[in-house]
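Letter by letter, the chains look like this.
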Amino acid sequence: MMTDFLERFFKNKMAVAGSVVVVLLFAVSLLAPWIAPYDSSTIDLKHVLAPPSFGHPLGTDQLGRDVLSRMIWGARISLKVGFVATGIAMLIGTILGAVSGYYGRWVDAVIMRFVDIMLCFPTFFLILAVIAILEPSIWNIMIVIGLTGWMGITRLVRADFISLKERDFVSAARVIGASDFRIIFVHILPNAMASVLVATTLGIAGAILTSPPSVSSASAFSRPYPVGEIS
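Residues numbered from 1 in each chain as written. Predicted model: local features only at pLDDT ≥ 70, side-chain atom pairs only at ≥ 80, totals over all residues. Heavy atoms only, no water.

A. Quick peek at the overall build of the protein. For the protein, the helix and strand inventory stands at 11 helices and 0 strands. The secondary structure elements of the protein, listed N-terminal to C-terminal, are α-α-α-α-α-α-α-α-α-α-α. Taking all 231 residues of the protein together, the buried fraction comes to 34%. Summarising the internal contacts of the protein: among those between residues at least 6 apart in sequence, 70% fall at separations of at least 24. Looking at the protein as shown, the accessible area adds up to about 13900 Å², and 72% of this sits on carbon and sulfur atoms. (Helix = DSSP H or I, 4+ residues; strand = E, 2+ residues; numbered from the N terminus. Buried < 20%, exposed > 50% of the residue type's maximum accessible area, 1.4 Å probe, protein only. Contact = heavy atoms within 4.5 Å. Areas by Shrake-Rupley, 256 points an atom, 1.4 Å probe, with all protein chains shown as cover.)

Have a look at this one:
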């Protein structure tokens with residue numbers, strides 16, 4: 001089975017190209033301490049908004065900080081936000097969607113009305129409210145994005161479960177006395193994971209774009225600057 005998957009994967013040039021890009025991004029984020037040319041927080045007031053040069057390939061920002069170094073370090077923050085926030089959303093959405101689609105009736109009605117209520121809250125404004133109440137933290141942002149981004153996954157999983165629970169293999173599992181927990185998570189859920197994985201992939205990019213850049217920068221890079229770091 002794995003051999004067939006790898007064979008189909010390597011025949012798909014777009015899939016291979018996308019995988020290479022993702023692997024490179026992970027490599028850059030992991031190797032940031034060694035490949036970043038400068039400290040991402042070092043202020044150099046003598047080179048404010050400098051154009052691209054040999055010393056600063058992408059120039060500097062309004063505080064003289066090297067843009068390339070900040071992009072390399074920022075990759076860590078972006079990937080962390082994307083995977084953690086989407087992981088929270090996927091966990092909540094998968095469980096609620098599975099329960100809703102499998103049991104139906106009043107359970108389905110309650111969960112779907114809760115989904116409708118959650119869709120009324122704009123994620124970005126909720127993030128701003130959290131920032132105003134709590135200390136600006138990338139972890140708070142990731143949790144808020146995850147807790148407000150599971151509704152689409154819930155609907156996808158619910159739709160798959162409504163279709164799959166009527167299949168013969170589910171009926172056979174009931175006949176041999178399999179518990180609801182086993183039927184949901186062992187027999188049906190693996191067959192519904194294709195749509196979940198697609199939604200999760202798109203959700204990672206959405207979580208990165210939803211996170212306020214200023215909060216990410218402050219959480220990732222800001223710290224008291226020793227006198228020696230300001231030139």
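Next comes the rest of the account.
B. Highlighting the packing of helix 6 (residues 123–133) against helix 7 (residues 138–147). Direction vectors running N to C along helix 6 and helix 7 enclose 145°, while the axes themselves pass 10 Å from each other. Helix-helix and strand crossings are classified by hand; for helix 6 and helix 7 the assignment is right-handed. Facing helix 6, whose interface residues are Thr123, Leu126, Ile127, Val130 and Ile131, helix 7 presents Asn140, Ile141, Val144 and Ile145. Partitioning the contact of helix 6 with helix 7 into residue classes produces 7 nonpolar, 2 polar and no charged. (Axes fitted to C-alpha atoms, helices over the stretch in contact; angles between N-to-C directions. Left-handed = near helix turned anticlockwise from the far one by under 90°. Nonpolar A, V, L, I, M, F, W, Y, C, P; charged D, E, K, R; others polar.)

C. Highlighting the nonpolar core. By size, the foremost hydrophobic cluster in this structure holds 16 residues, and its most contacted members are Ala98, Tyr102, Val157, Phe161, Ile183, Ile184 and Ile188. At the level of elements, helix 4 (67–103), helix 8 (151–164), helix 9 (168–175) and helix 10 (180–210) are the ones that each hand at least two residues to this core. Ranked by residues supplied to this core, first place goes to helix 10 with 7 residues. Residues Ile138, Met142, Val144 and Ala207 belong to the second largest nonpolar core, which totals 12 residues. (Core = buried A, V, L, I, M, F, W, Y, C linked by side-chain atoms within 4.5 Å.)

D. Layout of the packing of aromatic side chains. Evaluated as defined, the whole model comprises 4 aromatic pairs. Plain terms: the ring middles of phenylalanine 114 and tryptophan 150 are 5.6 Å apart, the flat faces sit at 25° to each other, and that makes the pair stacked. Placement of the pair is phenylalanine 114 in helix 5 (residues 105–118) and tryptophan 150 in the loop between helix 7 and helix 8, with a sequence separation of 36 residues. For the ring pair phenylalanine 181 and phenylalanine 185, a centre distance of 4.8 Å and an interplane angle of 45° mean the geometry is tilted. Of this pair, phenylalanine 181 and phenylalanine 185 both sit in helix 10, 4 residues apart, roughly one helical turn. (Phe/Tyr/Trp six-rings, centres within 6.5 Å; stacked < 30°, edge-to-face > 60°.)

Shape descriptors only; they carry no functional weight alone.
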